[in-house]
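The chain contents come next:
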Amino acid sequence: MTVVAFGAMVHEALAAAAASTRSVEVWNPFVLQPLDLRAISASVQKTGRLLVVQECGGLQGLGDAIISRIVQERLGDLVAPPRLIAAPDAPVPFAPELETSFRPAKARILAAIDEMLGGDGS
């Protein structure tokens, strides 16, 4: 499957991919302006699945825009609905232990990978 991650979520996505027994391609669109999705689009064409992971809330990041553009280009190639993993659309907690559970992390990403690929692949 294809996983797109930004910033600090790249490390979490790579850790989840390494922990999975499934084939996972992790993409980091390092340059966001201009946003070049050709490699990601080709990956989705090959894998048929797209998971986008962002640290900010679902309404604040580029995740939905990336999903929208990929769906416009690759709808026929998708074998499962694309999915966005993001922090809640709420202020970030101040306490470190609360912030840790607030942000998407390896376990949550790995669970989404397994769910999207149909079963327990860890």
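In case you missed it, the structure is sitting above this.
The paragraphs below set out a description of the structure included in this document. Since the structure is predicted, the reported quantities are computational estimates derived from the model, not experimental observations.

## A look at the nonpolar core
(1) Moving on: Residues M1, V3, L51, V53, I109 and I113 are the most contacted members of the largest nonpolar core, which totals 17 residues.
(2) Moving on: For this core, the secondary structure elements donating two or more residues are β1 (2-5), α1 (9-19), β3 (50-57) and α5 (106-116).
(3) Moving on: In contact with I109, not counting residues within four places along its chain, are E12, A13, A16, L51, V53 and I85.
(4) Moving on: Counting 12 residues, the second largest nonpolar core, distinct from the first, contains F6, L37, V44 and L78.

## Quick notes on the sheet that holds β1
(1) Moving on: Taken in spatial order, the four strands of this open sheet run β2-β1-β3-β4, and their pairing is parallel. Sheet topology places β2 (25-27) and β4 (83-87) at the edges, where each strand pairs with a single neighbour. In this sheet, adjacent strand axes meet at a mean angle of 20° when their direction is disregarded.
(2) Moving on: The sheet contacts of helix α2 (residues 38-47) involve β1, β2 and β3, and relative to β2 the element is tilted by about 160°.
(3) Moving on: Strands in contact with helix α3 (residues 63-74) are β1, β3 and β4; relative to β3, the strand with the most contacts, it is inclined by about 160°.

## A closer look at α5
(1) Moving on: The complete set of buried residues in α5 reads I109, L110, A112, I113, D114 and M116.
(2) Moving on: Buried residues along α5 sit against β1, α1, β3 and β4.
(3) Moving on: G118, located one to two residues past α5, shows a positive phi value of around 80°.

## A few points about the environment of Q60
(1) Moving on: Residue placement: Q60 occurs in the loop between β3 and α3.
(2) Moving on: In this structure the C-alpha to C-alpha distance between Q60 and A87, which are 27 residues apart in sequence, comes to 9.7 Å.
(3) Moving on: A polar side-chain atom of Q60 sits 2.8 Å from the main-chain amide nitrogen of G57.
(4) Moving on: Separated by 3.3 Å, the side chains of Q60 and D89 make a polar contact.

## Considerations on α1
(1) Moving on: If you check which residues of α1 are buried, you get M9, V10, A13, A16 and A17. Looking straight down α1, one finds its buried side chains confined to an arc of 125°; they lie on one side. What points out from α1, more than 90 degrees from its buried face, is the exposed set H11 and A18.
(2) Moving on: If you follow the buried residues of α1, they end up packed against β1, β2, β3 and α5.

## Some thoughts on the packing of α2 against α3
Packed helices, taken two at a time, are described by the angle their axes make and the gap between the axes.
(1) Moving on: Two elements in contact, α2 and α3, have axes separated by 10 Å at closest approach and are oriented at 60°. On the basis of the axis angle, α2 is oblique to α3. In the packing of α2 onto α3, the handedness of the crossing is right-handed. Residues I40, S41, V44 and Q45 of α2 pack against I70, E73 and R74 of α3.

What counts and how
- Residues numbered from 1 in each chain as written.
- Predicted model: local features only at pLDDT ≥ 70, side-chain atom pairs only at ≥ 80, totals over all residues.
- Heavy atoms only, no water.
- Core = buried A, V, L, I, M, F, W, Y, C linked by side-chain atoms within 4.5 Å.
- Buried < 20%, exposed > 50% of the residue type's maximum accessible area, 1.4 Å probe, protein only.
- Helix = DSSP H or I, 4+ residues; strand = E, 2+ residues; numbered from the N terminus.
- Contact = heavy atoms within 4.5 Å.
- Pairing = 2+ DSSP bridges.
- Axes fitted to C-alpha atoms, helices over the stretch in contact; angles between N-to-C directions.
- Polar contact = N/O pair within 3.5 Å; in protein donor to acceptor, adjacent residues only side chain to side chain.
- Arc of directions from axis to C-beta.
- Parallel < 35°, antiparallel > 145°, perpendicular 65-115°, else oblique.
- Left-handed = near helix turned anticlockwise from the far one by under 90°.

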